[in-house]
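Analysis of the macromolecular model
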Amino acid sequence: KYEQQNFELRRLESEAEVARATAQSASDRERLNMALLGLAGLGLLSLAVLFVMQRRANRKLADALAEQRRSEVALEASERMLRSISDQTPALIAYLDRDQKYRFVNDYYRSVFGVDPQSLVGHTVREMRSPELHAKIRPHVEKVLAGEPTEFETSGHDGKRERFFRVNYVPDRDASGAVVGFYSL
């Protein structure tokens with residue numbers, strides 16, 4: 001009888017051990033499932049935050065692009081207006097860069113010299129004017145590129161008659177004060 005009781009006790013202890021192990025395993029699975037759910041929730045929350053941040057960034061970018069486009073339209077309108085004003089002014093107006101290349105020429109050049117003003121743009125004074133005229137104006141160009149405004153009188157023949165000009169060169173400076181070109185008026 002003692003052996004049977006001992007066997008029964010071991011069987012009960014073994015069942016208790018299996019029950020404890022099963023309970024522990026279920027508890028461990030439940031904790032693991034809760035941890036996985038927590039990680040999934042945290043992942044979803046992170047994605048939601050990223051989504052909101054991306055939408056805000058996209059909205060800011062769209063606003064910035066719209067503002068840039070409005071600025072471009074306003075700049076184009078301003079440029080058209082200035083071009084129109086300068087083309088209607090009965091005076092020779094040009095802008096030349098530091099390399100003495102024409103960057104802007106108003107339409108009055110057509111009336112005085114019989115040339116398309118745009119044909120001068122991108123070319124130097126030396127390329128577009130006679131050697132004699134270039135020699136006359138060179139000291140004044142050097143003076144304005146040194147930063148000093150200059151005024152002088154010159155003459156030239158336009159193919160029909162001799163013309164006399166009073167010319168003003170005004171230096172154009174960048175933000176640091178360096179001369180980057182000049183206006184010819």
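Everything below is about the structure printed above this text.
These notes cover the structure that comes with them. (Residues numbered from 1 in each chain as written. Predicted model: local features only at pLDDT ≥ 70, side-chain atom pairs only at ≥ 80, totals over all residues. Heavy atoms only, no water.)

In this structure, strand S1 (residues 94-97) lies alongside strand S5 (residues 179-184), joined through 4 bridges in antiparallel fashion. By the bridge assignment, Leu96 is partnered in S5 with Phe182. Alignment of strand S4 (residues 162-173) against S5, held across 5 bridges, turns out to be antiparallel. Along S5, the bridge assignment pairs Val170 with Tyr183. Joining the antiparallel neighbours S4 and S5 is a turn of 5 residues, in which Gly177 adopts a positive phi near 95°. (Pairing = 2+ DSSP bridges. Helix = DSSP H or I, 4+ residues; strand = E, 2+ residues; numbered from the N terminus.)

Before going further, it helps to spend a moment on the pattern of salt bridges. Inspection of the entire model under this criterion finds 10 salt bridges. Where Glu67 meets Arg70, a salt bridge forms, and the shortest distance between an N and an O atom there is 2.8 Å. Linking Glu67 with Arg70, this pair stays in helix H1 (residues 2-88), spanning 3 residues, or about one helical turn. Here the residues in one salt-bridge network are Asp107, Arg110 and Asp116, joined through shared partners. (Salt bridge = Lys/Arg side-chain N within 4 Å of Asp/Glu carboxyl O.)

Counting 19 residues, the largest nonpolar core has Tyr102, Tyr109, Tyr169 and Phe182 as the members making the most contacts within it. Contributing elements (two or more residues each) for this core: S1, strand S2 (102-105), helix H2 (108-113), helix H4 (131-145), S4 and S5. In terms of residues, this core owes the most to one element, H4, which gives 4 residues. In this structure Tyr109 touches Leu92, Ile93, Ala94, Tyr102, Gly114, Val115, Leu120, Arg129 and Ser184, once residues within four positions along its chain are discounted. (Core = buried A, V, L, I, M, F, W, Y, C linked by side-chain atoms within 4.5 Å. Buried < 20%, exposed > 50% of the residue type's maximum accessible area, 1.4 Å probe, protein only. Contact = heavy atoms within 4.5 Å.)

Judged by side-chain charge, Arg55, Arg56, Arg59 and Lys60 come together as a positively charged surface patch. Along the chain, Lys60 turns up in helix H1. (Patch = residues over 30% accessible without salt bridge, like charges linked within 9 Å, V, L, I, M, F, W, Y side chains within 5 Å. Areas by Shrake-Rupley, 256 points an atom, 1.4 Å probe, with all protein chains shown as cover. Lys, Arg positive; Asp, Glu negative; His and termini not counted. Charge placed at Lys NZ, Arg CZ, Asp CG, Glu CD.)

Below, the discussion takes up the packing of aromatic side chains. Summed over the entire model, instances satisfying the criterion amount to 5 aromatic pairs. With 5.7 Å between their ring centres and 45° between their planes, Tyr109 and Phe113 make a pair best called tilted. Taken together, the residues Tyr109 and Phe113, both in helix H2 and 4 residues apart, mark about one turn of the helix. Here Tyr109 falls in the buried class, since its relative accessible area comes to 5%. Aromatic pair Phe113 and Phe165: ring centres 5.9 Å apart, planes at 35°, arrangement tilted. With a gap of 52 residues between them, Phe113 in helix H2 and Phe165 in strand S4 connect regions that are remote in the sequence. One aromatic cluster is present, built from ring pairs that chain together Tyr109, Phe113 and Phe165. (Phe/Tyr/Trp six-rings, centres within 6.5 Å; stacked < 30°, edge-to-face > 60°.)

These results come straight from atomic positions and should not be treated as a statement about function.
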